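# Descriptive analysis of the structure
This is what each chain is made of:
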Amino acid sequence: MSSTKSENDLLNPRTTTYEFMGPFGALLVTLGVPIMSYLLYFGCSESAGACPPSYVLSPSLLAAHVQESVTSEQWWAGLWDTEAALIYLAWYAFCVVAWVILPGDWIEGVTMRNGQKKKYKINAFSTFLLALGITSGYIIRYGPESFTFLYDKWLGFLTASLIMSVVQGVAVYAGSFRKGALLALGGNSGNLIYDFFIGRELNPSIGSFDIKSFNELRPGLILWVLIDISMVCVQAVRRGGWENVTWSMWLVLAFQGFYVTDGLYNEPAIFTTMDITTDGFGFMLAVGDLTWVPFVYSLQARYLVFRPVELDLASTIGIVAVNALGYWIFRSANGEKNDFRNGKNPKNLKYFTTEKGSKLLTSGWWGRSRHPNYFGDLIMALAWSLPTGFETPITYFYVTYFIVLLIHRQRRDDENCETKYGKDWGKYRQLVPYRIIPYVY
């Protein structure tokens, strides 16, 4: 018995360092993400009358409005919509069924601490195409007015996704205490709040169904595009036809739709990312995948429903160029990294070999900064907000949030690499001094 316990302790050591300022910070984010998701609706929506509404500029009026809302039973009841909840549940079930029945290759992930490799089914792109096909057929048959319900029942869908996130967070946390579970090195602190948030188990699964990678690519990402399509439909109905949908709305749909398409098409690349190889699956990833991505990232499209922005040809071309630049950097950098990890080096890039035998790229995009893919991501994030104009800063929330997120990820990556490579990491940093933006940061 003691021998078994000792082996388990070696495989799943106790977490001794915290992220997010520990349990207190984890609690703040656990509460803050749902609150912010609602605030971005109530602070920038048609029902609010403006983006932001005028009372936000007056502390006394804002306090009075908040007090009036949270003390009203009608306000709380308005957060729930049974029909929206059932549709959301059906959507999640559709994604699961598609994972089961659609064909797809099975690939192995990286070797885990227990010496095993998980197998993942690759059919996220097929699921996406099926969802788009059904949606397109439905809209063609019944008209754009038939697909406005995602906008009309926004709060209900948002609440349903949050409930699903909480349920999954609780379920995987409870399941992580079963015998033989491989825990995340960063999620075994023994503190309930922190471990629930950060994710205690590395890869919670039901048989061969990996919950983490499934959530990462399917229900939230694909729903994001369907929400954008729904916003286009609302604008088409209100403005009298598809031909009257603004270029700004089409650009947002095209940019974000292409981004999601690219991610799903290149599904195997995700299995070498930190989310899959290192992070546990808890409430943080659940609410990020299921709520934050589809309902916050689509803010620009939702804004353009009630604040249409007309772009001239020069502005349209300029915004397209910004997005193309970001995508070129993002895809080129990831291509170099993926080729190198797979033992290929078609560009004959230079690299630094550590004492442990690991090889780190020091030329190409990875010689310009340690995270050039983040740089491309940030440029694309800006391009997604530019179609909304400059009437409000709220539609640029995504860019601001993304800067904070990527800097946090970069610093966490640096800490992990310093632990992994020791003094070699210092030598590498001298060769590649810039973190994200070449010659700037």
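Up top you'll find the structure we're talking about.
So, a few notes on the structure that sits alongside this text. (Residues numbered from 1 in each chain as written. Predicted model: local features only at pLDDT ≥ 70, side-chain atom pairs only at ≥ 80, totals over all residues. Heavy atoms only, no water.)

### A short note on helix H6 (residues 124–142)
Compared with an ideal rise of 1.5 Å per residue, which puts 19 residues at 27 Å, H6 spans 27 Å between its outermost C-alpha atoms and is within 8% of the ideal. Of all the positions in H6, only Ala 124, Thr 127, Phe 128, Ala 131, Thr 135 and Ile 139 are classed as buried. Buried residues of H6, seen end-on, are gathered within an arc of 100° and therefore sit on one face of the element. More than 90 degrees from the buried face of H6, the exposed residues found are Ile 140 and Arg 141. (Helix = DSSP H or I, 4+ residues; strand = E, 2+ residues; numbered from the N terminus. Expected span 1.5 Å × (residues − 1). Buried < 20%, exposed > 50% of the residue type's maximum accessible area, 1.4 Å probe, protein only. Arc of directions from axis to C-beta.)

### A closer look at empty space enclosed by the protein
By the definition in use, this model includes one cavity of 30 Å³ or more. Put simply, the largest cavity is a space of about 50 Å³. Together, Trp 99, Tyr 120, Lys 121, Ser 208, Asp 210, Ser 213, Phe 214, Arg 218, Glu 267 and Phe 271 line the largest cavity. Broken down by secondary-structure element, the contributors of at least two residues to the lining of the largest cavity are strand S2 (117–122) and helix H10 (211–217). (1 Å grid on protein atoms, 1.4 Å probe; cavity = no way out; pocket = protein on both sides within 12 Å on 5 of 7 lines; lining within 4 Å. Points joined across faces, edges and corners; volume = space filled by probe spheres on them.)

### Describing helix H14 (residues 283–296)
Here H14 is 14 residues long, yet its end C-alpha atoms lie only 17 Å apart, well below the 20 Å a rise of 1.5 Å per residue gives. Maximal helix bending in H14 amounts to about 35°, located at Asp 289. Burial analysis of H14 places 14 of its 14 residues in the buried class, the great majority of the element. (Bend = angle between axes of the 7 residues up to and from the residue.)

### Comments concerning the packing of aromatic side chains
Following the criterion strictly, the structure yields 39 aromatic pairs and no others. Here Trp 99 and Trp 106 contribute two aromatic rings whose centre-to-centre distance is 6.0 Å and whose plane-to-plane angle is 85°, an arrangement assigned as edge-to-face. Here Trp 99 falls in the buried class, since its relative accessible area comes to 10%. Ring pairs connect the aromatic residues Trp 224, Tyr 259, Trp 292, Tyr 297, Phe 330, Trp 384, Phe 397, Tyr 398, Tyr 401 and Phe 402, which therefore count as one cluster. The ring of Tyr 142 carries the charged tip of Arg 141 above its face, separated from the ring centre by 4.9 Å. Directly above the aromatic system of Phe 177 lies the positively charged group of Arg 200, at a separation of 3.9 Å from the ring centroid. (Phe/Tyr/Trp six-rings, centres within 6.5 Å; stacked < 30°, edge-to-face > 60°. Lys NZ or Arg CZ within 6 Å of the ring centre and 35° of its normal.)

### Quick word on unusual backbone geometry
Of the consecutive residues Cys 51 and Pro 52, the connecting peptide bond is found in the cis state with omega at 5°. Relative to the assigned elements, Pro 52 resides in the loop between helix H2 (22–42) and helix H3 (59–70). Its identity as a non-glycine residue notwithstanding, Tyr 439 has a phi of 65°, on the positive side. Position of Tyr 439 relative to the elements: it lies in the segment after helix H20 (423–431). Under the relative-accessibility criterion, Tyr 439 is labelled exposed at 65%.

Taken by themselves, the reported measurements are silent on function.
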